[in-house]
Amino acid sequence: STMADTVALCSGSHPPNPQGSGVATRSNYSPSFALTLANLQTAYTNMLKTRGDQGIPVYNKADLLCIPVDLWTTAFGLVNSEFDPFISGSNVRNPMYGKVQVPVLRYVGTDVSGPGGTDTSWWLVNTDRAKRFVHWYNSVPLEFQTSADFDAQVLKTASYAAWSLRPHYWDWIYGCTA
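A brief structural summary. Predicted model, so just to flag it, every value in this text is computed and none were measured.

1. Regarding the overall build of the chain
Then step 1. The number of helices and strands found in the chain is 3 helices and 7 strands.
Then step 2. The secondary structure elements of the chain, listed N-terminal to C-terminal, are β-α-β-α-β-β-α-β-β-β.
Then step 3. The buried share among the 178 residues of the chain stands at 37%.
Then step 4. At a minimum sequence separation of 6, the contacts of the chain that also span at least 24 residues come to 63%.

2. With respect to the nonpolar core
Then step 1. Among the nonpolar cores identified, the biggest contains 21 residues, and L35, L40, L65, I67, W122 and L124 are the most heavily contacted of them.
Then step 2. Among the elements of the structure, α1 (37–48), β2 (64–68), α2 (72–80), β4 (122–125) and β7 (173–176) are those that each provide at least two residues to this core.
Then step 3. The leading source of residues in this core is α1, at 5 residues.
Then step 4. Counting residues in hydrophobic clusters, the runner-up holds 12 residues, among them Y29, V125, Y169 and W170.

3. Observations regarding the sheet that holds β4
Then step 1. Reading across from one edge, β1-β7-β4-β2-β3 is the order of the 5 strands in this open sheet, with mixed pairing throughout. Looking along the sheet, the strands with just one partner apiece sit at the ends: β1 (29–30) and β3 (104–105).
Then step 2. Across 2 bridges, β1 lies against β7 in parallel orientation. Pairing of Y29 across the sheet is with G175, part of β7.
Then step 3. Set on the sheet, α1 makes contact with β2, β4 and β7; between it and β4 the angle comes to about 35°.
Then step 4. Contacting β2 and β3, α2 crosses the sheet at an angle of about 160° to β2.

4. Quick notes on the pairing of β7
Then step 1. Taking every second residue as pointing to the same face, both faces of β7 are buried, with I173 and G175 on one and Y174 and C176 on the other.
Then step 2. In this structure, β4 lies alongside β7, joined through 4 bridges in antiparallel fashion. Residue pairing for β7: W122 is matched across the bridge by C176.

5. Details of the packing of aromatic side chains
Then step 1. The final tally for this structure, using the stated rule, is 4 aromatic pairs.
Then step 2. Ring geometry for F133 versus Y169: centroids 5.3 Å apart, planes at 45°, classification tilted. Here Y169 lies in the loop between β6 (154–167) and β7 and F133 lies in helix α3 (residues 127–133), a separation of 36 residues in the sequence. Considered together, F133 and Y169 belong to a single accessibility category, that of buried residues.
Then step 3. Ring pairing ties together the aromatic residues F133, Y169 and W170, which thus form one cluster.

6. Observations regarding the pattern of salt bridges
Then step 1. By the definition in use, this model includes 2 salt bridges.
Then step 2. Between E82 and R93 there is a salt bridge, with the nearest N and O atoms lying 2.3 Å from each other. Of the two residues, E82 sits in the loop between α2 and β3 while R93 sits in the loop between α2 and β3, which places them 11 residues apart along the sequence.
Then step 3. Residue class for R93 comes out exposed when judged on its relative accessible area of 52%.

7. Some thoughts on the side chain of N39
Then step 1. Of note, N39 is situated in helix α1.
Then step 2. The class for N39 is buried, based on a relative accessible area of 16%.
Then step 3. Within the structure, N39 has its side chain in polar contact with the backbone oxygen of A34 (distance 2.8 Å).
Then step 4. Apart from the residues lying within four places of it in its own chain, the contact partners of N39 are F33, A34 and W122.

8. Topic: a nonpolar patch on the surface
Then step 1. Together, V69, W72 and F76 line one region of the surface with nonpolar side chains, adding up to about 260 Å² of accessible area.
Then step 2. Structurally, F76 can be placed in helix α2.
Then step 3. Looking at F76, the relative accessible area reads 30%, which means it is partly exposed.

So, how was this worked out
Residues numbered from 1 in each chain as written. Predicted model: local features only at pLDDT ≥ 70, side-chain atom pairs only at ≥ 80, totals over all residues. Heavy atoms only, no water. Helix = DSSP H or I, 4+ residues; strand = E, 2+ residues; numbered from the N terminus. Buried < 20%, exposed > 50% of the residue type's maximum accessible area, 1.4 Å probe, protein only. Contact = heavy atoms within 4.5 Å. Core = buried A, V, L, I, M, F, W, Y, C linked by side-chain atoms within 4.5 Å. Pairing = 2+ DSSP bridges. Axes fitted to C-alpha atoms, helices over the stretch in contact; angles between N-to-C directions. Phe/Tyr/Trp six-rings, centres within 6.5 Å; stacked < 30°, edge-to-face > 60°. Salt bridge = Lys/Arg side-chain N within 4 Å of Asp/Glu carboxyl O. Polar contact = N/O pair within 3.5 Å; in protein donor to acceptor, adjacent residues only side chain to side chain. Patch = residues over 30% accessible without salt bridge, like charges linked within 9 Å, V, L, I, M, F, W, Y side chains within 5 Å. Areas by Shrake-Rupley, 256 points an atom, 1.4 Å probe, with all protein chains shown as cover.

Interpretation note: all reported values are geometric properties and have no functional meaning in isolation.
Shown next, in the form of structure tokens:
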């Protein structure tokens, strides 16, 4: 699905503002970006450099690294090691140590298509901005139906509702695929 700017949520070609005017595009997506310390640092830095519609820097610091199950050991090593996790006996400080929490997304994997649909995709998320720009909609309000059979002393109740989430802006997430 696409956003109001007519591109995918994680895209390398967001227009400068939702109306699409202007010439420069902005990105919150890096293809061919395996989950490594260098790539995690680059994506984290790219989020920190986010500029709003008017070109003014916005506070956009990721606090979640969302990963599929297949990346959990790599991700936990990257953010929970005080020193570089890939150099044995290293005294080099890990700049990503403690910067983000790592929820494992159990239902993300090869059964999902598009960016964000492989076992090697990962996302940095700013939860404060996500709360601001992702909206919950009640598509169909909660409805109840009841059916009673007095002689059998049976009361049946059914309910139905539908909800959806829609992001109104894209800078709260940065997506990467390997």
